[in-house]
Amino acid sequence: MPTTTSGFFLQCASRGTLELVLPAAGAPFGVEHHRREEAAGPWRHAATFARDLGPIGAVALIQSNFGDPGHLEAVVRAGERLAAFWCAPASEVSWSEPRFFAEGAAGDPALIQGGFGGRGNFELVVPHASGGIAHYHRDNDTAELGWRGPAIFGAEFGRFDAVAMVQRGAGAPGAPGDLEVVARAGDRLLMFRRSPGAGAAWQGAEEVVSGIRGTPALFRSTSGVEGTLELFSPLAGVGLARWCRGDGARFRGPEVFATDLGRCEAVSVIESRPLGRLELAVRAEGRIVQLVRDGERWSRREVRRSGSPSPADAPSPATPQPPASTTPPASATPPASTTPPASTTPPASTTPPASTTPPASTTQQPPAPRPTNAAPQLRAGPHRAGFRRIGALSLSADACYPDTWPFQGAIYRCPARGAALLYYPASADGDEAPLSPGGPFPVVAIAHERRLPTSAVTRGSPAGTGQDYRQLAGVMAHLARWGFVVIAPDLSWLTPDDAPLRRAAVLRDALSHLRAGSRGPLLADFDRVGLLGHGLGAQAALALALDAACPFYVRALALLAPAGEPDRAPPIDALAPRPVLVVRGTADPIATSVPAALYDRARAPKHLVTLPGASHFGYTTSLGLAEPLDGPAELSRREQQAIAMGYVAAFFNGYLRDARTCLGALSGKESLEGLEAREIPVCAETPGSGAGLQG
């Protein structure tokens, strides 16, 4: 049966052997052909061919319907030239001489035998040196078996690095299905499709995912849910990810796995016979590893390469592991851009190293991370905190002013694009740090407090309001370390007394931006969404949670010092049965009666935490308003943030991760870990129980 899925790994029809080709690691160069003849047997080196072509960039492999059983067919890229080879899959392998047929190739190619033509044409796509993707086909109904092309498509998207291709099942009776291609440009994957008939045009591109690297694999399942399209790709950090989708739907996922392999370069996938198991061949840090999935368990077996020492050949579990890290010295500090003021910096023993790059070695595993269902510490969770600045946030019509908007003598107007700050669980601290394994993670969107540009601030506070959306960076980093993706859009261009629905629309736009592009599908699980609002931002968060037209179902709502007029606030009782957390301070002159009023009106499950001596702006990294706008805090900024972060992390862990052991401290039944010596009043009401109070 012809191969209709591209890759460098296949199972030979009739013989059942597993066949694998890959560029030789070094001189004398060529293409290594490895074979595994029995399920319990070892991989063995079958042949090396294309030795005279010099360094090999990439190779693609299929089994055609020429011969019985079908010939193995390979296309090899050497520099910018493409050459075709074939061999009969006999016990003693002998590959043909090269047949060069194209130039201008500049990446990893994808080869299949499609359904167009009597015998079935060979279809090949490869990144082109001048940009876009080159499509070639070989007419297998002619005696000369000549290659035709290239037809270039996708040139408007610039240079691509790698492609994968699959052909769908039959369309109309007797008609071949569409060709489907995913192509990597940088860390993004774009999808194109084309009817395989002569003269048909390529359609696309649809952005699929981002945050990836290397060579992906595209695969249509023939068992289970037939026709499901599956996508596998190396991640930009470590390990692999898998996405699935049915026809007409979005890709769902990812499932992150094989992180113990470190940084992966390429993956190829088959569905083996007779059990219909998923089997992968992965190139990772100089190794070739075969992964096999039985149910939910992945096992692995390494392929011995020519001249390499023999690894242990027995299968071993391939469970996700975080990359190795070294213990930082006590003096190590994170980069200045990610370090909060001294009052919020954790002790040196918990401060991450300055480097955002994980160590090259992954042989020494770090201590096991703290389980996420344990009560959160006031310091750091099991992950590091990576962050990313977003500067091109699209704003919807209901978020924008129709024109300029006067307020208290100032003119407000909408920016052309919004801004946002994103924090996420990472394997190192810092800007664009590699994603931590275990995703996708629950997502929390934050609406920050709003203030007037003319408001008097305390010494050391930023005068401009344009960076206020970064002021809860300490809270965001803490949640990221506990396994949450956290995004905070800029609301500073809106007037302080603006209707909460407009601010809620910006919050919704930030979630939509995260899901639609960037690394959203890889980072965030949009079935587990929580919101956090500070001050006037609390009304925006509540309005979005109650918006029936919102495409995101908000499962939990946390409010830090909610402000505004209680009578103008959205009806919080309509939030039930979804949980709400209200945090208030006794030294807060801005949010005085509002927190208690909102808590009283809310229905169970609800939690109220009162922080003795906490001010209104003490939750921020450096912002404070001068008296009498904000009161003098009896708690240090560091203490106020740490306590609030502990309760917020416990709340979201409890309700977005279903880690119910975290809710004891939020129900007045026990103290939050690390606060046993403090008196923190906690009120709570849950379904089937009365109100509780911890003095």
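In this report, we go over the structure that sits alongside the text.

Procedures and definitions
Residues numbered from 1 in each chain as written. Predicted model: local features only at pLDDT ≥ 70, side-chain atom pairs only at ≥ 80, totals over all residues. Heavy atoms only, no water. Salt bridge = Lys/Arg side-chain N within 4 Å of Asp/Glu carboxyl O. Helix = DSSP H or I, 4+ residues; strand = E, 2+ residues; numbered from the N terminus. Buried < 20%, exposed > 50% of the residue type's maximum accessible area, 1.4 Å probe, protein only. Expected span 1.5 Å × (residues − 1). Core = buried A, V, L, I, M, F, W, Y, C linked by side-chain atoms within 4.5 Å. Contact = heavy atoms within 4.5 Å. Pairing = 2+ DSSP bridges. Axes fitted to C-alpha atoms, helices over the stretch in contact; angles between N-to-C directions. Phe/Tyr/Trp six-rings, centres within 6.5 Å; stacked < 30°, edge-to-face > 60°. 1 Å grid on protein atoms, 1.4 Å probe; cavity = no way out; pocket = protein on both sides within 12 Å on 5 of 7 lines; lining within 4 Å. Points joined across faces, edges and corners; volume = space filled by probe spheres on them. Nonpolar A, V, L, I, M, F, W, Y, C, P; charged D, E, K, R; others polar.

Another aspect to go through is the pattern of salt bridges. Enumeration according to the criterion identifies 23 salt bridges in this entry. Here Asp-429 makes a salt bridge to Arg-384, at a shortest N to O gap of 3.9 Å. Taken together, the residues span a long stretch of sequence, with Asp-429 in the loop between strand 29 (418–426) and strand 30 (430–431) and Arg-384 in strand 26 (residues 384–393) at a distance of 45 residues. With a relative accessible area of 3%, Asp-429 lands in the buried category. Arg-508 is the salt-bridge partner of Asp-509, the closest N and O atoms lying 3.2 Å from each other. One continuous salt-bridge network, built from bridges that share partners, spans Glu-230, Arg-242, Glu-255 and Arg-293.

Below, the discussion takes up helix 2 (residues 500–516). Its 17 residues place the ends of helix 2 24 Å apart at the C-alpha level, agreeing with the 24 Å of an ideal helix rising 1.5 Å per residue. In terms of burial, helix 2 is largely enclosed, as 12 of its 17 residues are buried. Within helix 2, burial applies to Pro-500, Arg-502, Arg-503, Ala-504, Ala-505, Val-506, Leu-507, Arg-508, Asp-509, Ala-510, Leu-511 and Leu-514.

What follows concerns the nonpolar core. In terms of nonpolar packing, the biggest core is built from 71 residues, with Leu-231, Trp-243, Val-485, Ile-487, Leu-511 and Leu-531 touching the most fellow members. With sequence-adjacent residues up to four places away left out, Leu-511 is seen in contact with Val-443, Ala-445, Ile-487, Phe-526, Val-529, Leu-531, Leu-544 and Phe-552. The next biggest cluster of nonpolar side chains, apart from the first, holds 52 residues, and it includes Val-475, Ala-480, Ala-558 and Met-645.

What follows deals with the sheet that holds strand 19 (residues 240–245). In spatial order, the strands read 17-18-19-20; together these 4 strands make up an open sheet with antiparallel pairing. Taken across any chain shown, the strands that pair with only one partner, and hence form the sheet edges, are strand 17 (217–220) and strand 20 (252–257). On average, each strand axis in the sheet is inclined to that of its neighbour by 20°, with strand direction left out of account. Bridge count between strand 17 and strand 18 (residues 229–234): 4 bridges; the pairing is antiparallel. The residue of strand 18 that forms the bridge with Ala-217 is Phe-232.

A few words now on the packing of aromatic side chains. Under the criterion given, the structure shown has 18 aromatic pairs. Seen in terms of ring centroids, Phe-101 and Trp-147 are 4.3 Å apart; in terms of plane orientation they differ by 10°. Their pairing is stacked. Taken together, the residues span a long stretch of sequence, with Phe-101 in strand 8 (residues 99–102) and Trp-147 in strand 12 (residues 147–153) at a distance of 46 residues. Across the pair, exposure class does not vary: Phe-101 and Trp-147 are buried alike. Taken together, a centroid distance of 6.5 Å and an interplanar angle of 90° make the contact between Phe-232 and Phe-257 edge-to-face. Separated by 25 residues along the polypeptide, Phe-232 in strand 18 and Phe-257 in strand 20 bring together distant segments of the chain. The class of Phe-232 is buried, set by a relative accessible area of 1%. Assessed through its relative accessible area of 2%, Phe-257 is described here as buried. Three or more aromatic residues joined by ring pairs form one cluster here, namely Phe-66, Phe-101, Phe-122, Tyr-136 and Trp-147.

The next thing to look at is empty space enclosed by the protein. Where empty space is left becomes clear once a probe the size of a water molecule has been rolled over the atoms. Applying the stated criterion to the full structure yields 4 cavities of 30 Å³ or more. Taken together, 19 residues form the lining of the largest cavity, with Gly-7, Phe-8, Val-59, Pro-109 and Thr-215 sitting closest to its centre. Within the residue set of the lining of the largest cavity, elements represented by two or more residues are strand 2 (18–23), strand 5 (58–63) and strand 13 (162–167). When its residues are assigned to classes, the lining of the largest cavity shows 14 nonpolar, 3 polar and 2 charged. The computed volume of the second largest cavity comes to approximately 120 Å³. Lining the second largest cavity are 16 residues, and of these Gly-211, Gly-237, Pro-434, Leu-435 and Leu-522 lie nearest its centre. When the residues that make up the lining of the second largest cavity are grouped by side-chain class, the tally is 11 nonpolar, 4 polar and 1 charged.

The analysis is restricted to geometry; functional conclusions fall outside its scope.
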